[in-house]
Structures are given as structure tokens and as C-alpha cells.
Amino acid sequence: MAGKIQVGYLVSYDYELLKTSLPTVYKDADAVFVAIDKNRNTWNGGSFTIDDSFFDWIKDFDVDKKVVIYEDDFYVPTLTTMECEVRERKMLAEKMGIGNWIVQVDCDEYFVDFKKFVSDLRRYDSYLINPEKHPIQICAFWVMLYKYTDQGILYVDKPLKAIFATNYPNYKSGRRIKERQIYTNNIVLHESLSRTEADLRFKLDNWGHNVDVDKGFLDKWLVVNENNYKEYKDFYYLQPKRWKKLGFFSTKSIPQIKEIIEKEKRLNVPKFNLYFKNFGQWLKYSLKKKKA
């Protein structure tokens, strides 16, 4: 019997975004685990609150009884924010169960077609047998939503690789296990930065990358808009030159943006790119095993 599709969320100060993300994966997941710090601490020791109505919403939405709320102490003062993140991801993965596909999604990530992603995962079900001996990680591609404007949303104009699933969650940094990567042609909208200024400042202080953010990032984010974005370049919050240009969606509706992506295919990754990336990963790790 094939392993289950287990989806896990780390829920914190941006919990309201789960109301957009969860519906994109719910139907095709076997179970959904929602990890929340029981003391309502961030990884940096900050505090957040979750309104009781949020849990009422989950209860009403969860018609198939797939959602498991997992509360634990995920903040350790002696660890860095990234170390706290990795620790929480591993603890959540243990609850999800080795022998299944461990798919971890953040509240601000919205799959365009999760059913297709699951179909792509199923091609590699053989890796669920003895996963410790054959660890792999499955990638999709982010379309990074950068900033809401008066008439729409600015986004990074090139899809960016992101890891979502693994058969063996020995995480080293975020969702990365530092093993062979398999690329799939799937798009995930990532609302990482498209927040209010106050919410973004709070996130930059409390997320796993809090000590790594480029000093000029926020100044540029504040001034760029739908009228002047072509006058600027280099937008990445860690290494600015990795995100050279922005594009613009003339709508603020996430469902409409998903329709645009599915219809126009302009953000899809070319098949030959996927082929060479996957071949390169296969060759790299085949040679590594031979040396070992």
C-alpha cells in the first residue's frame, strides 16, 4: 500500500493566511497537521495571539476530519531562529509519520494545482520503502508575491525553486535535507513579503532568516509600486541580485492570479530545463554513492 500524502503547516502570527492555503491542498491530502506553539512564542521569542474564531473556522472547514492540531513548545531560547525552525519541522514530521510523503507547506503558500503535485509525487512511491537509505526531496516553483499595490500585486518575474516534500525529513535548513532534489513543473504562489508594512517588519524580526536580511531590502520595498517598479532592480531580501526584476498582476485576487497562471502558462518552467536539472541531480548523487 502506498504511503499517505501528509501535509503539515507551521502556524504562527500569519495564521489567517491558512484560510487561503488550506483549501488548495485539502481535497488531495490524506491528513493535515497544524503545528502551533502552545505558548504562542515565535522562533525569536516574540509573542503572538490566535483568535478563537480561527479554530472555529478550522472545525467548520474540516468536513472530512483530516485536520490534526499539534501544539507543543517550539521555542528554545538557546537556539537561533533557524535552529528553532528546523527543530519544529522535525517534530512535526515525526507526528506526520515516516513512510509517508511528508509535505510541509507554510500558511503563505498557495498551490496552483496540488492534485498534479500529488500525481508527480506518486511517481516516486518506491522511495517510501527504506527512505533512510534513499532520501529525496521534491521541488516545485514559487511565484513570489512581492507587494500589494493600489491596483494589483507585484511579483518576482522568474519562478524560484522551492522544496516541499520528502520521504525522509532529516531537515538541515528550513525544508532542505541536503539530498537529491527532484524538480516538478508545479507552481506555488508565495505571499512571503506581500504584507502590510507592520506585518512585514514583524516577520523580518521573527522568522528563520531574521539575521540574514539585506540592509537595503525594506527601503526598496517601501518605495516600489506599480508605476515605478521597472525603474528598480535587485529585490531579493538576502542576496538582492538573485531577484533582478518584478512583474505585475493587475488583480489582488489569489484565485484570479491562479487562473492567469494556469491559462497563460507564462510562468511555467520549460520541460528541457526540468530534464537537465533532474539529470544533473541524478548524476551528482549517483557518483556520490559510488564514491561512498
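Predicted model, so just to flag it, every value in this text is computed and none were measured. (Residues numbered from 1 in each chain as written. Predicted model: local features only at pLDDT ≥ 70, side-chain atom pairs only at ≥ 80, totals over all residues. Heavy atoms only, no water.)

## A short note on the overall build of the protein
Counting its secondary structure elements, the protein contains eight helices and 10 strands. In summary, the protein has a C-alpha radius of gyration of 19 Å against a globular reference of 19 Å for 292 residues, a match within 12%. Counting over 292 residues, the protein shows a buried share of 52%. Within the protein, contacts between residues at least 6 apart in sequence are counted, and of these 74% link residues at least 24 apart. Accessible area of the protein: about 14,800 Å², with a carbon and sulfur share of 49%. (Helix = DSSP H or I, 4+ residues; strand = E, 2+ residues; numbered from the N terminus. Rg over C-alpha atoms; globule rule 2.2 N^0.38 Å. Buried < 20%, exposed > 50% of the residue type's maximum accessible area, 1.4 Å probe, protein only. Contact = heavy atoms within 4.5 Å. Areas by Shrake-Rupley, 256 points an atom, 1.4 Å probe, with all protein chains shown as cover.)

## Some words on helix H4 (residues 114–122)
Listing the buried residues of H4 in full gives Phe-114, Phe-117, Val-118, Asp-120 and Leu-121. Projected onto a plane normal to the axis of H4, the buried residues spread over an arc of 160° and lie on a single side. (Arc of directions from axis to C-beta.)

## Here we look at the pattern of salt bridges
By the definition in use, this model includes 11 salt bridges. Of the charged contacts in the structure, one is a salt bridge between Lys-19 and Glu-16, with a shortest N-O distance of 3.0 Å. Between Arg-175 and Glu-109 there is a salt bridge; the shortest N-O distance is 2.8 Å. Pair noted here: Arg-175 is in the loop between strand E8 (160–166) and strand E9 (180–190) and Glu-109 is in strand E5 (residues 109–111), with a separation of 66 residues, a long-range link. Considered together, Arg-175 and Glu-109 belong to a single accessibility category, that of buried residues. The network of salt bridges with shared partners includes Asp-14, Asp-108 and Arg-195. (Salt bridge = Lys/Arg side-chain N within 4 Å of Asp/Glu carboxyl O.)

## Considerations on the side chain of Lys-66
Along the chain, Lys-66 falls in the loop between helix H2 (52–61) and strand E3 (67–72). The buried charged residue Lys-66 lacks any salt bridge partner; its closest oppositely charged side chain belongs to Asp-64, at an N-O distance of 4.5 Å. At 2.8 Å, the side chain of Lys-66 and the backbone oxygen of Tyr-26 are in polar contact. Reaching out from Lys-66, the side chain makes a polar contact with the backbone oxygen of Lys-27 at a distance of 3.1 Å. Apart from residues no more than four positions distant in its own chain, Lys-66 is found in contact with Tyr-26, Lys-27, Asp-28, Ala-29, Asp-30, Ala-31 and Val-32. (Lys, Arg positive; Asp, Glu negative; His and termini not counted. Polar contact = N/O pair within 3.5 Å; in protein donor to acceptor, adjacent residues only side chain to side chain.)

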